[in-house]
Amino acid sequence: MYNSKITGMGFYVPDNIVTNDDLAKIMDTNDAWIQERTGIQERRWIPEGSEDTSAVMGAKAARIAIERSGLTKDDIDFIVFATLSPDYFFPGCGVMIQDMLDMQTIGALDVRNQCSGFLYALSTADQFIKTGMYKNILVIGAEYHSNALDKTTRGRGVGVLFGDGAGACVLSRTEDNTKGILSTHLYSQGKYADKLIVKTPSIKHWVPEILAGKEDDTSYFPYMDGQLVFKNAVVRFSEVINEGLNANNLTSKDIDLFVPHQANLRIAQFIQKRFKLNDDQVYNNIMKYGNTTAASIIIALTEAWEKGKVKDGDLVVLAAFGSGFTWASAVIRW
Ligand code: ACO
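Residues numbered from 1 in each chain as written. Predicted model: local features only at pLDDT ≥ 70, side-chain atom pairs only at ≥ 80, totals over all residues. Heavy atoms only, no water.

**Quick notes on the state of the cysteines**
Working definition: the covalent bond between the sulfur atoms of two cysteines is a disulfide.
Thought 1: Applying the stated criterion across every chain, the model contains zero disulfides.
Thought 2: You can see cysteine 93 has no disulfide; the closest cysteine sulfur is in cysteine 115, sitting 16 Å from it.
Thought 3: Residue classification places cysteine 93 among the buried residues on the basis of a relative accessible area of 0%.
Thought 4: Free cysteine: cysteine 169, not disulfide-bonded; nearest cysteine sulfur from cysteine 93 at 17 Å. (Disulfide = S-S within 2.5 Å. Buried < 20%, exposed > 50% of the residue type's maximum accessible area, 1.4 Å probe, protein only.)

**Regarding the sheet that holds strand β8 (residues 180–188)**
Thought 1: Across the sheet, which stays open at both edges, the four strands sit in the order β8-β13-β12-β11 with mixed pairing between neighbours. Since the sheet does not close on itself, it has two edges, and those belong to β8 and β11 (257–260), each with one partner. Taking the axes of each pair of neighbouring strands and ignoring which way they run, one obtains an average angle of 10 degrees across the sheet.
Thought 2: Two elements, strand β12 (residues 315–322) and strand β13 (residues 326–333), share eight bridges in a ladder whose sense is antiparallel. Paired with leucine 315 across the bridge in β13 is arginine 333.
Thought 3: The sheet contacts of helix α5 (residues 117–130) involve β8, β12 and β13, and relative to β8 the element is tilted by about 125 degrees. (Pairing = 2+ DSSP bridges. Helix = DSSP H or I, 4+ residues; strand = E, 2+ residues; numbered from the N terminus. Axes fitted to C-alpha atoms, helices over the stretch in contact; angles between N-to-C directions. Contact = heavy atoms within 4.5 Å.)

**Thoughts on the nonpolar core**
Thought 1: Grouped together as the largest cluster of nonpolar side chains are 36 residues, with contacts concentrated most on Leu119, Leu122, Leu301 and Leu318.
Thought 2: Element by element, the count of residues in this core is highest for α5, at seven residues.
Thought 3: Here this core spans two domains, since at least three of its residues come from each of domain 1 (3–177) and domain 2 (181–333).
Thought 4: Excluding its chain neighbours within four sequence positions, the residues that come into contact with leucine 122 are Val139, Cys169, Leu171, Ile181, Leu318, Ala330 and Ile332. (Core = buried A, V, L, I, M, F, W, Y, C linked by side-chain atoms within 4.5 Å. Domains from an automatic or database assignment.)

**Quick notes on the side chain of serine 183**
Thought 1: Relative to the elements of secondary structure, serine 183 occurs in strand β8.
Thought 2: Its relative accessible area of 10% is what places serine 183 among the buried residues.
Thought 3: A distance of 2.8 Å separates a polar atom in the side chain of serine 183 from a polar atom in the side chain of histidine 185.
Thought 4: A polar atom in the side chain of serine 183 sits 2.9 Å from the side chain of asparagine 248.
Thought 5: Residues in contact with serine 183, not counting those within four places in the same chain, are Gly244, Ala247, Asn248, Ser329, Ala330 and Val331. (Polar contact = N/O pair within 3.5 Å; in protein donor to acceptor, adjacent residues only side chain to side chain.)

**Let's talk about the pairing of strand β1 (residues 3–12)**
Thought 1: Of all the 10 residues making up β1, eight are buried; the element is thus mostly covered by neighbouring parts of the structure.
Thought 2: Pairing analysis gives nine bridges linking β1 to strand β7 (residues 165–174), with the strands arranged antiparallel. Paired with glycine 8 across the strands is valine 170, a residue of β7.

**Observations regarding α5**
Thought 1: The end-to-end C-alpha distance of α5 is 20 Å, a good match for the 20 Å that 14 residues give at a rise of 1.5 Å each.
Thought 2: Counting buried positions over the 14 residues of α5 gives 11, a clear majority of the element.
Thought 3: For α5, the set of buried residues is Gly117, Phe118, Leu119, Tyr120, Ala121, Leu122, Ser123, Ala125, Asp126, Ile129 and Lys130.
Thought 4: With its phi angle positive at about 90 degrees, glycine 132 sits one or two positions after the end of α5. (Expected span 1.5 Å × (residues − 1).)

**Considering the domain arrangement of the protein chain**
Thought 1: One can read the domain layout of the protein chain as domain 1 (3–177) and domain 2 (181–333).
Thought 2: Taking only C-alpha atoms, the centre of domain 1 and the centre of domain 2 are 13 Å apart.
Thought 3: Contacts between the two partners involve 54 residues from domain 1, matched on the other side by 52 residues from domain 2.
Thought 4: Both faces considered, domain 1 and domain 2 share a buried interface measuring about 4,000 Å² in area, 65% of it formed by carbon and sulfur atoms. (Buried area = accessible area lost by both parts, 1.4 Å probe.)

**Details of the sheet that holds strand β6 (residues 136–143)**
Thought 1: With mixed pairing, five strands are arranged side by side in an open sheet as β1-β7-β6-β4-β5. The open sheet has two edge strands, β1 and β5 (107–111), and neither has a second partner. Strand after strand, the sheet turns through a mean of 20 degrees between neighbouring axes, direction not considered.
Thought 2: Its contacts with the sheet put helix α3 (residues 54–69) on β1, β4 (78–82), β6 and β7, and the angle it makes with β1 is roughly 125 degrees.

This is the structure in structure tokens:
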């Protein structure tokens, strides 16, 4: 059986920085509340008039990842694109990437698993490579949150958390079974679907209803039961990391770098403490980018790699928790 390893990574975030103080000018919030609760200092939001979308940003990140992998776009034989903020209801962003990068007529799949989206996408690509079906798969996570947030005081509990951006990697076949993705672990619990959700627009709430002028309808904006999400996140993160370690006969002492989904610095710090990891063993960048959902892990992993924090032979653990609820982990020998 083959193994899969990451051969190139890239990320793209819009230049436009939105600080907590900027948000305090448009809603009743403040820097101290946001930093104390979430660790976020600023985020990137696509500015008005920009051409960027989830697919466009994904394509920008993908070009960098492909170049760094030493391959060309014609070597890629499949695309997996994770996002909760696709450019269109349909078709998906994966097919748009195929066109934007002028790639061959290959398959493209969209993954809709929110904050766990990148790990679901990575796992899907890993299975295709392990079975021998594909050799080089482009895996992308991208989010355009800022156009769909409630930026008034009404939406402040959610609106301050999210940022825009994209990350991508190329996953390639290797015959070295000691390197690459050792295992992935995926879960969901749909009974909590309505605890972190955007209900409208959807097939259930379609055009006639939308046109009926419901100014007070908040179902168009993300809703989150933040405390329930927090409580479940810390439990599921721990479980799914332990499962990944146990599956590979490893312990937390073997971890060289842990890159958690960037939902909240407090969650990451809680997990860091629970697994007794020091600051050098954990990479966080939510302070600069906010929660970029399906893009956050691959943006953080790429940035860590660019800073020389991911070295040959390192054990890298990725984990995520989010809407669905869904959660996942990946254990990688670099
Ligand atoms: N600025 C100022 N005050 C605010 C803000 C704000 N931006 N937002 C809410 N408040 C107020 C509330 O109105 C409330 O006031 P009250 O006590 O007078 O009613 C108070 O602050 C406390 O609000 P809570 O919502 O209870 O705050 P909490 O301590 O739970 O923190 C947070 C909220 C940061 C969202 C936290 O619950 C959290 O991080 N949850 C987990 C998030 C997560 O992991 N999400 C998963 C990934 S996302 C995805 O999958 C799409």
